[in-house]
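Observations on chain architecture
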Amino acid sequence: MSNRPKVQKSRSGSRPSGSGTASSSNPLLKWMIAGVAVLVVVAVGVALLASRDAEQREQSGVPQVSDVSIEGAPLPVFEGEEPDPAMERRAPAFAATSFDGTEVSVLPGDGTAKVIGFFAHWCPHCQRELPRIADWMANNQLPAGVEVIAVSTAVDAGSPNYPPSAWFEEEQWPAVVVRDSADSEIGDAYGLRGFPYTVGIAADGRVVARVAGELNDEAWEFLLEFIAPGSG
């Protein structure tokens, strides 16, 4: 049904003199009709914004950080130097929770190689990399014996793209994602310095790759194959 107001004819059937219709001969009426149309558009826009804000408020009710526990020696801060002093060291184990409260234990050396990606919701490079990796995983299979874990860290409620729980959901992240603590303890344990940050861990728990910055598809695929059991 149209929202445009309709001009009703008089019951007596009389019409104003002249060859034009009432709307074409009355500039005021034209402005009234245009004004109503504008108000309808504005109302729809306001409703959409209100719906989005309500969804964000609901998401922000989910705790965006949580307690974590870490076992093992922390890795050196990643400075990008070669050789990387973290190479061949055993990666620390940690226990954390997902946004729905599910407990997750990450145990390097359990026989499964791991790629751990650290993402900050406010980081523009992370905002480009996360959907790219999510899309890759939605359309490709990981090598046998490899798993991917995302860590949401460096959370700041006053920064853009908050809350991260809504961001991961919107990007349809298909793998495990855990919440770091308010002090970014997991990130610190893995030598995090910049974003995005990716750590490759062999099946026996040894750190075999650390990368700061965005990974394109080719670099991502190379990393997965490099850490896969039996690749060496």
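Only a predicted model underlies this, so the values are computations on that prediction, with no experimental measurement involved.

A separate point is unusual backbone geometry. Cis peptide bonds are those with omega within 30 degrees of zero, and the linkage from Glu 82 to Pro 83 qualifies with -5°. For Pro 83, the position within the fold is in the loop between strand E1 (69-71) and strand E2 (93-97). Its identity is not glycine, yet Gln 172 carries a phi of approximately 55°, on the positive side. Within the secondary structure, Gln 172 sits in the loop between helix H4 (164-170) and strand E6 (176-179). The backbone of Ser 184 shows a phi angle near 55°, a positive value even though the residue is not glycine.

For the coordinates displayed, the defined rule picks out one cavity of 30 Å³ or more. Its boundaries defined by the atoms lining it, the largest cavity holds a volume of some 50 Å³. In terms of lining, the largest cavity is formed by Val 115, Ile 116, Gly 117, Phe 119, Glu 129, Ile 133, Val 148, Ile 149, Ala 150, Trp 173, Thr 198 and Trp 220. Breaking the lining of the largest cavity down by element, the ones donating at least two residues are strand E4 (113-119), helix H3 (124-139) and strand E5 (146-152). Counted by class, the lining of the largest cavity contains nine nonpolar, two polar and one charged residues.

Strand direction decides the pairing type here: E5 and E6, joined by four bridges, are parallel. Among the inter-strand pairings, Ser 152 is bridged to a residue of E6, identified as Arg 179. Regarding topology, H4 serves as the crossover connection from E5 to the parallel E6, and that connection is right-handed.

Looking now at the packing of aromatic side chains. Summed over the entire model, instances satisfying the criterion amount to twelve aromatic pairs. With centroids separated by 6.1 Å and ring planes inclined at 45°, the aromatic side chains of Phe 99 and Phe 168 adopt a geometry described as tilted. Within this pair, whereas Phe 99 is found in the loop between E2 and strand E3 (103-106), its partner Phe 168 is found in helix H4, the two being separated by 69 residues in sequence. Per residue, the accessibility class of Phe 99 equals that of Phe 168, and both read buried. The interplanar angle of 80° and the centroid separation of 6.5 Å between the aromatic rings of Phe 119 and Phe 168 together place this pair among those described as edge-to-face.

Now for helix H6 (residues 217-227). If you check which residues of H6 are buried, you get Trp 220, Leu 223, Leu 224 and Ile 227. Angularly, the buried residues of H6 cover 95° about the axis, an arc narrow enough to put them on a single face. Facing away from the buried side of H6 by over 90 degrees, the exposed positions are Glu 218 and Phe 222. Its buried side turned inward, H6 meets E4, H3, E5, strand E7 (197-201) and strand E8 (207-212). Two to three positions downstream of the cap, the backbone nitrogen of Glu 218 sits 3.2 Å from a side-chain oxygen, assigning the N-cap of H6 to Asn 216.

It is worth spelling out H3 at this point. Helix length check: H3 (16 residues) gives 24 Å between terminal C-alpha atoms against 22 Å at 1.5 Å per residue, within 8%. The complete set of buried residues in H3 reads Cys 126, Glu 129, Leu 130, Ile 133, Ala 134, Trp 136 and Met 137. The arc that holds the buried residues of H3, viewed along the axis, is 160°, so those residues lie on one side. Exposed and facing more than 90 degrees away from the buried side of H3 are Ala 138 and Asn 139. Contact partners of the buried residues in H3: E4, E5, H4, E7 and H6.

We now examine the pairing of E7. Buried residues dominate E7, accounting for five of its five residues. On E7, burial covers both faces: Tyr 197, Val 199 and Ile 201 on one face and Thr 198 and Gly 200 on the other are all buried. Sheet topology places E4 next to E7; five bridges connect them, and they run antiparallel. Residue pairing for E7: Phe 118 is matched across the bridge by Tyr 197. In the sheet, E7 pairs with E8 via five bridges, with the strands oriented antiparallel. Bridging across to E8, Ile 201 finds its partner in Val 207. As consecutive antiparallel partners, E7 and E8 are separated by five residues, and within that stretch Gly 205 has a phi angle of approximately 100°, a positive value.

What counts, and where the lines are drawn
- Residues numbered from 1 in each chain as written.
- Predicted model: local features only at pLDDT ≥ 70, side-chain atom pairs only at ≥ 80, totals over all residues.
- Heavy atoms only, no water.
- Helix = DSSP H or I, 4+ residues; strand = E, 2+ residues; numbered from the N terminus.
- 1 Å grid on protein atoms, 1.4 Å probe; cavity = no way out; pocket = protein on both sides within 12 Å on 5 of 7 lines; lining within 4 Å.
- Points joined across faces, edges and corners; volume = space filled by probe spheres on them.
- Nonpolar A, V, L, I, M, F, W, Y, C, P; charged D, E, K, R; others polar.
- Pairing = 2+ DSSP bridges.
- Right-handed = clockwise from strand over helix to strand, strands pointing away.
- Phe/Tyr/Trp six-rings, centres within 6.5 Å; stacked < 30°, edge-to-face > 60°.
- Buried < 20%, exposed > 50% of the residue type's maximum accessible area, 1.4 Å probe, protein only.
- Arc of directions from axis to C-beta.
- Contact = heavy atoms within 4.5 Å.
- Polar contact = N/O pair within 3.5 Å; in protein donor to acceptor, adjacent residues only side chain to side chain.
- Expected span 1.5 Å × (residues − 1).

Note that every value here comes from positions in space, so none of it alone points to a role or purpose.
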